[in-house]
Each structure stands twice: as C-alpha cells, then as structure tokens.
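Chains, contacts and geometry: an overview
Chain by chain, the residues:
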Amino acid sequence: MFHALVAGGIVFPGLFLLAKNSLKRLPWLQWDEADAVVISARLVSSIQAVMASTAGYIVFSSCQHVLDDQHWLTSTYTQFAVPYFIYDIYAMFLCHWHKYRVKGHEGAGPRSLRTVTRTFLHKEFLMVLHHLCMVLVCFPVSVLWRQGKGDFFLGCMLMAELSTPFVCLGKVLILYKRQHTLLHKVNGLLMLVTFFCCRILLFPYMYWAYGRHAGLPLHRVPLALPPACNLGAALLLAPQLYWFGLICRGAARLFRRARPKDTATAALRNGHGPGGRALD
C-alpha cells in the first residue's frame, strides 16, 4: 500500500540533489551553492506541480460519477506526493538560509541557526502550516475517511497545482532582478489566470458539480453537505484567497512602476523632456 509513499520519499529529495549538483557543475553557469539550491527547489516544485495536475486531469476526466467512480491514480499519487510536502519545508528552509547568509548574517555564531529558523517560520508560517496540514490532515482524510468515494473531487484538487510552475518562475525572475522583462509580465498574467481558475474558481465549480449530480441549485449545495465538508473547503480556500490577494498586489505594483516609464517615453517621443519641458 505504501510503496508510492516510499517512492515519493526517494524521488523528490533525489531530484533536488541531482539538480543542485548538476547546476553547480555546469561550466557555463558557474552558480554557487545558494543559486543552485534556489533554482533546484523551484524546479522540483514545478515538476511535482506538472505531475500532480496531469494526474488530476486524468482522474477528473475519467470519473463520470462524481461520488462513486474510482481511479487508481487518486490514492497512488496522493501517497506519492506526501513526502514532497515534507521535503519542500526543508527546501524552503535551505533557500531562506542561503538568503540570510547572503545578507551578511553568517557571522552570528552559534545562535545563527536559531535566528534563521525563527525568521523562516515568521516569514513562511502560512506555507509551512499549509504543508503540515496536507500531511497530517488531508492525507489521512483522503486515504482513510473517504472510503473510496469522491475521486472526481480529489482530481480537481490535484489540478490546483497547475499554477505552481508560474509562481516558481515568477519568484526566480524577481530574485534575479528581472521584474521588468516581458517574460516576467507574461508569466505574471499566466500566474494570475491559472491561480484564479485552478485555486479560487475550483471550489464553486466542485460545489456546482455536486449540485448537478444531486439535482440541487448551487446556492443549496452547502446546506445539503455535512458541515465538515463545508469547513474543510473553507479552510482550504482561505489561504488561496490570501495568496491571490498578494499576487494581485504584486501585479498592481508592477503596473504602477511601468506606467511612469511609459509616460516618460511617450513624452520624449513627442519632443518633451522630463517635467513637460520642450526639447530644443
């Protein structure tokens, strides 16, 4: 039963180590440990996201009955992905550790590890909590409590990972000061669309799909479901709304920074210098 669990525990840390060592050894890149760790962590997250969303689509498209239809990928990939969330907490800590050292805190002595851990948990508290909930709550629920029901909905949840590669690429571009490139803007647009569709609209869609199965209008579905289902959906949706708000704020800041440049460029083309002064 737990072969997939063991496989995930080998695959994700193994991919990270393979990518990190390969990036450090490529002569034309000449990346140090910190760069290799950050890029490798984002790469493994993107690979897992592609695998999860692919598995989710296969399950979603194969289950015609939203409650009773089953697909072997549902339980297998759920077990396979659990070690990823444990590994990813460690990978996030490594990335934070290297960023901390780059900022000149490596001389803090024996207390530096405690300081870095404290700042990491303060900065990434919600993400760490999310990962722990995936392991300690969602995994037991999906394997034990469901009793083989609702593979369709688990397939939908797996497809939420579709936005992760764009999130990872955006973080890498910001880290390397590429916020004003066309790639960053296109990636930001794709991130907004996929995050909104796959992580926000996903929940009303699943309620609608159950309502269609049960012959209920959308607004009556929450009343027909057990309170535990509504509570679980609310707890899963809440951090997604928070992160989507952060993404929108970042996009708005980027747009506001881009507008003065566009205005200045247009003024120069029209024969005016900064401040509206005419150019001779």
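Up top is the structure.
Here is what the cut-offs are and how they apply
- Residues numbered from 1 in each chain as written.
- Predicted model: local features only at pLDDT ≥ 70, side-chain atom pairs only at ≥ 80, totals over all residues.
- Heavy atoms only, no water.
- Helix = DSSP H or I, 4+ residues; strand = E, 2+ residues; numbered from the N terminus.
- Buried < 20%, exposed > 50% of the residue type's maximum accessible area, 1.4 Å probe, protein only.
- Contact = heavy atoms within 4.5 Å.
- Areas by Shrake-Rupley, 256 points an atom, 1.4 Å probe, with all protein chains shown as cover.
- Core = buried A, V, L, I, M, F, W, Y, C linked by side-chain atoms within 4.5 Å.
- Axes fitted to C-alpha atoms, helices over the stretch in contact; angles between N-to-C directions.
- Parallel < 35°, antiparallel > 145°, perpendicular 65-115°, else oblique.
- Left-handed = near helix turned anticlockwise from the far one by under 90°.
- Nonpolar A, V, L, I, M, F, W, Y, C, P; charged D, E, K, R; others polar.
- Phe/Tyr/Trp six-rings, centres within 6.5 Å; stacked < 30°, edge-to-face > 60°.
- Bend = angle between axes of the 7 residues up to and from the residue.
- Salt bridge = Lys/Arg side-chain N within 4 Å of Asp/Glu carboxyl O.

Concerning the overall build of the protein chain
- Counting its regular elements, the protein chain contains 11 helices and zero strands.
- For the protein chain, the N- to C-terminal ordering of α and β elements is α-α-α-α-α-α-α-α-α-α-α.
- Burial status across the protein chain gives 38% buried among its 280 residues.
- Here the analysis covers contacts within the protein chain between residues at least 6 apart in sequence; of these, 74% occur between residues at least 24 apart.
- A total of about 16700 Å² of accessible surface is found on the protein chain, and carbon and sulfur atoms cover 68% of it.

Concerning the nonpolar core
- One finds F16, Y77, Y87 and F152 to be the most contacted residues of the largest nonpolar core, which totals 40 residues.
- Looking at this core, the elements with two or more residues in it are α1 (3–25), α2 (33–62), α3 (72–105), α5 (125–145), α6 (151–158) and α9 (202–214).
- For this core, the leading source of residues is α3, giving 11 residues.
- Leave out the neighbours within four places in its chain, and Y77 touches Q48, M51, A52, A55 and L158.

A look at the packing of α1 against α2
- Their axes nearest at 8 Å, the elements α1 and α2 cross at an angle of 140°. Taken together, α1 and α2 sit at an angle that is classed as oblique. Every pair of crossing elements has a handedness; the one defined by α1 and α2 is right-handed. Together, F12, L15, F16, A19, K20, L23 and K24 of α1 and E33, A36, V37, I39, S40, A41, L43, V44, I47 and Q48 of α2 make up the contact between the two elements.
- Across the contact of α1 with α2, the residue classes tally to 12 nonpolar, two polar and three charged.

A closer look at the packing of aromatic side chains
- Taken as a whole and assessed by the stated rule, the structure comprises 13 aromatic pairs.
- Both rings, one in F93 and one in F120, keep their centres 5.5 Å apart while their planes meet at 85°; by these two values the pair is edge-to-face. Placement of F93 in helix α3 and of F120 in helix α4 (residues 112–123) is noted, with a sequence separation of 27 residues between them.
- What makes F93 buried here is its relative accessible area of 17%.
- F120 gets classed as buried once you look at its relative accessible area, which sits at 3%.

Notes on α5
- Of all the bends in α5, the greatest, near 40°, is centred on M134.
- Looking at α5, one finds that the buried residues are V128, H130, H131, M134, V135, F139 and S142.
- Count one or two residues on from α5 and you reach Q147, which has phi positive near 55°.

Quick notes on the environment of R101
- By the element assignment, R101 lies in helix α3.
- Note on R101: relative accessible area 39%, which makes it partly exposed.
- Here the alpha-carbon distance between R101 and A34, two residues 67 residues apart in the chain, equals 9.2 Å.

Side note on the pattern of salt bridges
- Within this structure, the stated rule accounts for five salt bridges.
- The closest approach of N and O atoms between E33 and K20, which form a salt bridge, is 3.3 Å. Here K20 lies in helix α1 and E33 lies in helix α2, a separation of 13 residues in the sequence.
- What makes E33 partly exposed here is its relative accessible area of 28%.
- According to the relative accessible area criterion, K20 is buried, its value standing at 11%.
- A salt bridge links D68 to K149; the shortest N-O distance between them is 2.7 Å. With D68 in the loop between α2 and α3 and K149 in the loop between α5 and α6, this residue pair connects regions lying 81 residues apart in the sequence.
- Residues joined by salt bridges that share partners form a network here, namely K20, K24 and E33.

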